[in-house]
Amino acid sequence: MSEPILQVNHLSKTFGKHEVLKDIDFSVNTGDVISIIGASGSGKSTLLRCINLLETPTSGEVIYHGTNIDKLKGGASAYRSHVGMVFQSFNLFNNMTALKNCIIGQTKVLGKSKAEAKKAALHYLGKVGMAPYINAKPSQLSGGQKQRVAIARALAMNPEVLLFDEPTSALDPQMVGEVLEVMRNLAGEGLTMIVVTHEMAFARDVSSRIVFMADGVICEEGTPTDIFENPKNEKTKEFLSRFLSR
Amino acid sequence: MNKLAELWSDIVTCWGESSSQYLTGALKTLELAVVATAIGCIIGLGCGIIQTIPCSKNDNIVKRIFLGIVKAIVRIYVEVFRGTPMIIQAIFIYYALPYFSNGAINLEVTFAAYLVVSINTGAYMAETVRGGIMSIDIGQTEGAKSIGMNHFKTMLYVILPQTIRNIIPQIGNNLIINVKDTSVMFVIGYAELFAAHKAIVGAKYIYFPSAVITLTIYLIMTVVFSLLLRLWEKKMDGPANFDVATTDTLAHTSGTYSFVKKSERRGR
Ligand SMILES: Nc1ncnc2c1ncn2[C@@H]1O[C@H](COP(=O)(O)OP(=O)(O)OP(=O)(O)O)[C@@H](O)[C@H]1O
Ligand SMILES: [Mg+2]
């Protein structure tokens, strides 16, 4: 097996006295599609944010291609240009059109030429079905459209791993489908992804691995079959029975 | 009615004799207000940015101490110049150098006036910019960081353009306040519109008619600025609609979509 892209070792995070993540270990290999599931407040978002250094872990380490991310050349910014993130609330730049949203990082962070960046941006916007809307500002788009632009923006950076934090939770039901469809296609193309989600059908069908979290620890980890057909842990069973009976 | 007719004829006479003095004064007022507001905005932008530089416990100690001192200086500057009347600031700055140098060094009146109004405006703008930066959703910063932008790039390309758009009304406010409040610069002998009025009525006994003329000129200047600022705001917002790019086969409609603001309801 090749060297993992990302490796999380003994990662903990406390906010004040509140221990949100406790001794988390897991690794991400090329082509993995990992779904992180678990109850609200179990620390899923915090884990993702620690991986992307939007939060500073209290202890433990994140290793990127064998190097601790604290010691990477170029610091957190350079690291983040390889590990993209898609947010629940989209976080598109409100002062730019859809196209500009997808260009700015390429020109200002990766140093690509304008023409090259525009070409890539148009390619990815087309891929997520947003080609007709390249001139729209975020305030002129629906939630599902915004999220697809946000995915295109992340893809335009050509990331090695893409993190998704509940990308469909802020969307109306009919828009959830269009975003999940885009994500399914990306998974099919072999993009390495870590997805925090409450969409169990998506997790079951698309993931190569499922991580179940409860109270800041990873309770159980395995293939979708392991987790959904034969959960071993009591907490996993309880969580899934509540979810699947809904 | 009689009195009004008399006033009108006095105004006409007064304007006829001194229009060039009024206009020169008005021009000086405009120059001072516009230039000092612009410089004040730059000072305010700098100070506002400095005050919002994040500083975490993990940063090295030299950086933290340096940043702490700079932030404290900015804070004192803002409090002093926001907390004292501009008319006293003008006297203070204009007369300080001659006092300490026993009259050997004097500031030029024009320079002193521009200096005082600029740094006074800067103190107000610093707070406006700081508030404007803090009011931008944290999601904008996180979005920028997530594609690898550092703090400087995040500010330059994402936060400040939005901040500036949001504070245009405040910039306008300051400009209009400066058009009026530069009148206090007569205390150091700067010949703006109010000084022109004082000079004209000093020469003749027409205090009230001249005040009407002066007031009207001030009002015209502020209203014109008001309108120009609205136009600028509109321009910053860009078009309310966008053209659907119809070259794509996915798009079966042509023409213009207009989803203005509606989609904001989903935002946080
Ligand atoms: N900045 C913060 N300061 C203090 N506590 C925080 C902070 N961020 C998160 N927490 C706490 O950490 C815990 C885990 O939060 P987190 O957002 O990671 O949960 P989650 O698993 O993503 O939940 P959800 O499914 O609702 O998104 C929560 O109890 C939350 O209150
Ligand atoms: Mg969450």
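Residues numbered from 1 in each chain as written. Chains lettered and ligands numbered in written order. Predicted model: local features only at pLDDT ≥ 70, side-chain atom pairs only at ≥ 80, totals over all residues. Heavy atoms only, no water.

Caption draft 1: Quick look at the overall build of chain B. A tally of regular secondary structure across chain B gives eight helices and two strands. Starting at the N terminus and ending at the C terminus, chain B contains elements arranged as α-α-α-α-α-α-α-α-β-β. Since a compact globule built from 268 residues should have a radius of gyration of about 18 Å, the 25 Å found for chain B marks it as more spread out than a globular shape. For chain B, buried positions account for 39% of its 268 residues. The contacts of chain B with a sequence gap of at least 6 include a subset with a gap of at least 24, amounting to 74%. When the accessible surface of chain B is split by element, carbon and sulfur atoms take 66% of a total near 15,300 Å². Within chain B, the 17 negative side-chain charges are centred at a point lying 9 Å from the centre of the 23 positive side-chain charges. (Helix = DSSP H or I, 4+ residues; strand = E, 2+ residues; numbered from the N terminus. Rg over C-alpha atoms; globule rule 2.2 N^0.38 Å. Buried < 20%, exposed > 50% of the residue type's maximum accessible area, 1.4 Å probe, protein only. Contact = heavy atoms within 4.5 Å. Areas by Shrake-Rupley, 256 points an atom, 1.4 Å probe, with all protein chains shown as cover. Lys, Arg positive; Asp, Glu negative; His and termini not counted. Charge placed at Lys NZ, Arg CZ, Asp CG, Glu CD.)

Caption draft 2: Quick peek at the overall build of chain A. The secondary structure content of chain A amounts to nine helices and 10 strands. Relative to its length of 246 residues, chain A is compact, with a C-alpha radius of gyration of 18 Å against a globular reference of 18 Å. With the C-alpha coordinates aligned to their principal axes, the bounding extent of chain A is approximately 55 × 45 × 40 Å. Within chain A, buried positions represent 59% of all 246 residues. A separation threshold of at least 6 residues defines the contact pool for chain A, and within that pool the share at least 24 residues apart is 65%. Within the structure as shown, chain A displays about 9,900 Å² of accessible surface, and the carbon and sulfur contribution to it stands at 48%. If you average the places of the 27 positive and of the 25 negative side-chain charges in chain A, the two averages end up 10 Å apart.

Caption draft 3: Seen up close, the site of ligand 1. All names here are of chain A. Close to ligand 1 lie 13 residues; Ser40, Gly41, Lys44, Ser45 and Thr46 are nearest. In this structure, an oxygen atom belonging to ligand 1 sits 2.9 Å away from a side-chain N or O atom of Glu166. Protein contacts shield 61% of the accessible area of ligand 1, which totals 630 Å² for the unbound molecule. Looking at the shell around ligand 1, the elements with two or more residues in it are strand E2 (18–28) and helix H1 (44–51). (Near = heavy atom within 4 Å. Polar contact = N/O pair within 3.5 Å; in protein donor to acceptor, adjacent residues only side chain to side chain.)

Caption draft 4: Up close: helix H5 (residues 138–146) of chain B. Of all the residues in H5 of chain B, the buried ones are Gly139, Gln140, Glu142, Gly143, Ala144 and Ser146 of chain B. Those residues of H5 of chain B that are buried are in contact with H1, helix H2 (75–80), strand E6 (83–86) and helix H5 (143–156) of chain A together with helix H6 (151–181) of chain B. Regarding H5 of chain B, its N-cap is Asp137 of chain B, as a side-chain oxygen of that residue lies 2.5 Å from the backbone nitrogen of Gly139 of chain B further along.

Caption draft 5: View of the pairing of strand E3 (residues 33–38) of chain A. Residues and elements named next belong to chain A. Of all six residues that make up E3, six are buried, and the element is covered over most of its length. The two faces of E3 match: Val33, Ser35 and Ile37 on one face and Ile34, Ile36 and Gly38 on the other face are all buried. For E3 and strand E8 (residues 192–196), the ladder comprises four bridges, and the chain directions are parallel. By the bridge assignment for E8, Ile36 is matched with Val196. (Pairing = 2+ DSSP bridges.)

Caption draft 6: Structural detail: the pattern of salt bridges. Residue and element names in this part refer to chain A. Under the defined criterion, the tally for this structure stands at 14 salt bridges over all chains. Between Glu189 and Lys127 there is a salt bridge whose closest N-O contact spans 2.6 Å. Of this pair, Glu189 sits in the loop between helix H6 (173–188) and E8 while Lys127 sits in helix H4 (residues 114–127), placing them 62 residues apart in sequence. Via salt bridges that share partners, Asp32, Arg209 and Glu221 belong to a single interconnected network. (Salt bridge = Lys/Arg side-chain N within 4 Å of Asp/Glu carboxyl O.)

Caption draft 7: Here's a closer look at the interface of chain A and chain B. Taken together, the contact between chain A and chain B spans 41 residues of the former and 35 residues of the latter. Here chain A packs against chain B, burying approximately 3,100 Å² in sum over the two surfaces, 55% of which is carbon and sulfur. When residues of chain A are sorted by the area they lose upon contact with chain B, Phe93, Pro132 and Gln140 of chain A head the list and together hold 19% of the total. Counting the contacts that link chain A with chain B gives one salt bridge. For Glu142 of chain B, the salt bridge identified is with Arg49 of chain A, shortest N-O distance 2.6 Å. Counting every contact that joins chain A to chain B gives seven residue pairs in polar contact (both at pLDDT 80 or more). Those elements that place two or more of their residues in the side of chain A that touches chain B are H2, E6, helix H3 (98–108) and H5 of chain A. A class-by-class count of the residues in the side of chain A that touches chain B yields 19 nonpolar, 15 polar and seven charged. (Buried area = accessible area lost by both parts, 1.4 Å probe. Nonpolar A, V, L, I, M, F, W, Y, C, P; charged D, E, K, R; others polar.)

Caption draft 8: View of the sheet that holds strand E4 (residues 59–64) of chain A. Residue and element names in this part refer to chain A. Reading across from one edge, E2-E1-E4-E5 is the order of the four strands in this open sheet, with antiparallel pairing throughout. The open sheet has two edge strands with one neighbour each: E2 and strand E5 (67–68). With seven bridges joining them, strand E1 (residues 6–15) and E2 adopt antiparallel strand pairing. Counted as the bridge partner of Leu11 is Ile24 from E2.

Caption draft 9: Structural context of a nonpolar patch on the surface. Residues Ile61, Val62, Ile65, Ile69 and Ile73 of chain B make up a contiguous nonpolar surface patch of about 510 Å² in total accessible area. Along the polypeptide, Ile65 of chain B turns up in helix H2 (residues 61–82). (Patch = residues over 30% accessible without salt bridge, like charges linked within 9 Å, V, L, I, M, F, W, Y side chains within 5 Å.)

Caption draft 10: Just the sheet that holds E8 of chain A, in detail. Residue and element names in this part refer to chain A. Pairing is mixed across the open sheet formed by six strands, whose spatial order is E6-E7-E8-E3-E9-E10. Among the strands making up the open sheet, the edge pair consists of E6 and strand E10 (217–222). Strand-to-strand twist in this sheet, taken as the mean axis angle between neighbours without regard to direction, amounts to 20 degrees. Judged from the four bridges that link them, E6 and strand E7 (residues 161–165) form a sheet pairing that is parallel. (Axes fitted to C-alpha atoms, helices over the stretch in contact; angles between N-to-C directions.)

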